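One letter stands for each residue in the lines below.
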Amino acid sequence: MSNCSKYNVGLMLDATIDEYINFFENYAIYIHSIYFSLPLGRRFHTREHIANQFENLDNIRKFWEILKVVERYGIPLEMVLNTSDLTNKDIENAFELLKSRRVDIQYVNILDKYYEVVEKVCPTAKKIYSYNNFLNDISDIPSTHNYEYVVVGGKNIRNFRLCDEIRKSSRIILLLNNGCNHYCGWCKADIEHCKKMFEIVKIKLSVENMYAIQSIMPFEINEGLIPMEDGDLFKINCRNANFAYLNECIKSYVFNMNSETMINKESLSYWSRLAWFYDYFEVMNFNSIMDYKASLYQERR
């Protein structure tokens, strides 16, 4: 399967316009779309880091400049509306702001509860079922709601049966490297619960085993171990990282870089951003990780 036009990548504000141009010169061929949230206040952001960045007027000006660069490269844009307390008026204001800035989006990533108002305000934008809906079962997606894509991540990254069900009406966006603990019950619980569950599971499993389960390394998608179909996409979690991270992360997936020589604290973070792993990256055993990875697919083979 070709890597061309397969990656869904977050917009980041720590890079210059020239750095973005250089990035797109190298990777635009592999990028399907760029996702972003708008500078309309903290309630539009799930990440405090991004909300803080938008308190700087220079960053807001750069944000709009980056969107224009993205458009010049012909890369589709995706607006994210995935926080839980937006009003109908907030959503209307978001689309009005884009209109006033002459920014055309092709996709809108939403919580399902916003479906009707988004359909009313902008029926032409293709809708994406957000990871933040915390999907557990196909029945969670209303059959009357028409989603172009459904984001699959966390504990569902190898739930092949669920993905097959989703593909009956939508396509898949596989979240490659998100920072969710597979054992905490989604982020509806607080951060301390997430950490506590990590420590509880670590009593039973090695950190290498846990990492193998909660990461997607490049060979898993490039060698078809996680089956993807034409039209499916890969999502990279990067907006709370830095631009150097994005460059290295997408490079590792595009060029299938898995060798033991690149396994270090930084590279292991490319494939899982769960914070609790960071203290163990330098001592993890590469061969153990690969052995556990192999065991994940034995039944399927």
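This report concerns the structure included in the present document. (Residues numbered from 1 in each chain as written. Predicted model: local features only at pLDDT ≥ 70, side-chain atom pairs only at ≥ 80, totals over all residues. Heavy atoms only, no water.)

## Focus: the overall build of the protein chain
Put simply, the rule is: Helix and strand definitions here come from DSSP, where helices need a minimum of 4 consecutive H or I residues and strands a minimum of 2 consecutive E residues; each element is numbered from the N-terminal end. Between the two quantities, the radius of gyration covers C-alpha atoms and the globule rule is 2.2 Å times the number of residues to the power 0.38. Think of it in three bands: with a 1.4 Å probe and only protein chains considered, a residue is buried below 20% of the maximum accessible area for its type, exposed above 50%, and partly exposed in between. Here a residue-residue contact requires only that any non-hydrogen atoms of the pair lie within 4.5 Å. The Shrake-Rupley method, run with a 1.4 Å probe, gives the accessible areas here. Residue values count only the displayed protein chains as cover. Counted as positive: Lys and Arg. Counted as negative: Asp and Glu, with His and the chain ends omitted from the count. The atom standing in for a charge is NZ when the residue is Lys, CZ when it is Arg, CG when it is Asp and CD when it is Glu.
When helices and strands are counted, the protein chain shows 12 helices and 8 strands. Against the globule reference of 19 Å for 301 residues, the protein chain gives a C-alpha radius of gyration of 19 Å, in line with a compact fold. Each of the three principal axes of the protein chain carries a C-alpha extent, and together these read 55 × 45 × 40 Å. Among the 301 residues that make up the protein chain, the fraction classed as buried is 55%. When contacts within the protein chain are restricted to residue pairs at least 6 apart in sequence, long-range pairs at least 24 apart make up 71% of them. Of the accessible surface of the protein chain, which amounts to about 14000 Å², a share of 46% is contributed by carbon and sulfur atoms. Averaged over its 35 positive side-chain charges, the protein chain has a centre that lies 3 Å from the centre of its 39 negative ones.

## Section: the packing of aromatic side chains
So the rule is basically this: Two rings belonging to Phe, Tyr or Trp (six-membered ring only in the last case) form a pair when the distance between their centres is within 6.5 Å. Interplanar angles under 30 degrees mark stacking, angles over 60 mark edge-to-face geometry, and anything in between is tilted. A ring has a charge above it when a Lys NZ or an Arg CZ is no more than 6 Å from the ring centre and no more than 35 degrees off the ring normal.
In this structure the tally under the stated criterion is 24 aromatic pairs. Ring geometry for Tyr211 and Phe277: centres 5.5 Å apart, planes at 75°, overall edge-to-face. Of this pair, Tyr211 sits in helix α8 (residues 207–213) while Phe277 sits in the loop between α11 (265–271) and α12 (286–297); the two residues are 66 residues apart in sequence, bridging distant segments of the chain. Exposure class is identical for Tyr211 and Phe277. Each is buried. Taken together, the ring pairs connect Tyr20, Phe23, Phe24, Tyr27, Tyr30, Tyr73, Phe243 and Phe255 into an aromatic cluster. In this arrangement the basic side chain of Arg273 is found over the ring face of Tyr245, its NZ or CZ atom lying 4.7 Å from the centre.

## Here we look at the pattern of salt bridges
Note the cut-off: Within this document, salt bridges are pairs made up of a side-chain nitrogen of Lys or Arg and a carboxyl oxygen of Asp or Glu, the two lying within 4 Å of each other.
Overall, the coordinates contain 14 salt bridges when judged by the stated rule. The partner of Asp90 in a salt bridge is Arg43, and the shortest N-O contact between them spans 2.9 Å. Within this pair, whereas Asp90 is found in helix α4 (residues 88–100), its partner Arg43 is found in the loop between β2 (31–36) and α2 (48–53), the two being separated by 47 residues in sequence. On the basis of relative accessible area, Asp90 is assigned to the buried category, the value being 6%. Overall, Arg43 belongs to the partly exposed group, its relative accessible area being 37%. Arg61 is paired through a salt bridge with Asp58; the nearest N and O atoms lie 2.2 Å apart. Of this pair, Arg61 and Asp58 are both found in helix α3 (residues 57–72), 3 residues apart, which corresponds to roughly one turn of the helix. According to the relative accessible area criterion, Arg61 is partly exposed, its value standing at 48%. Taking the relative accessible area as the measure of exposure, Asp58 reaches 48% and is therefore partly exposed. Via salt bridges that share partners, Arg158, Glu220 and Lys293 belong to a single interconnected network.

## Side note on the pairing of strand β1 (residues 7–10)
The condition is simple: A pair of strands is labelled paired if DSSP reports no fewer than 2 bridges between them. We call a crossover right-handed when, viewed with both strands directed away from the observer, the connection leading from the first strand over the helix to the second proceeds clockwise.
Side chains Tyr7 and Val9 project from β1 onto one buried face, and the interleaved Asn8 and Gly10 project onto a second face that is buried too. Looking at chain direction, β1 and β2 are connected through 4 bridges and run parallel. Opposite Tyr7, over in β2, you have Ile31 as the bridge partner. In this view, the connection linking β1 to its parallel neighbour β2 by way of helix α1 (residues 17–27) has right-handed handedness. In the sheet, β1 pairs with strand β8 (residues 233–236) via 3 bridges, with the strands oriented parallel. Counterpart to Tyr7 in the pairing with β8 is Phe234.

## Observations concerning unusual backbone geometry
One non-glycine residue, Phe134, adopts positive backbone phi at about 55°. Inspection of the secondary structure puts Phe134 in the loop between β5 (126–129) and β6 (149–152). With relative accessibility at 12%, the residue Phe134 sits in the buried group. The backbone of Asn256 shows a phi angle near 55°, a positive value even though the residue is not glycine. Here Asn256 shows up in the loop between α10 (243–254) and α11. On the accessibility criterion, Asn256 (28% relative accessible area) is partly exposed.

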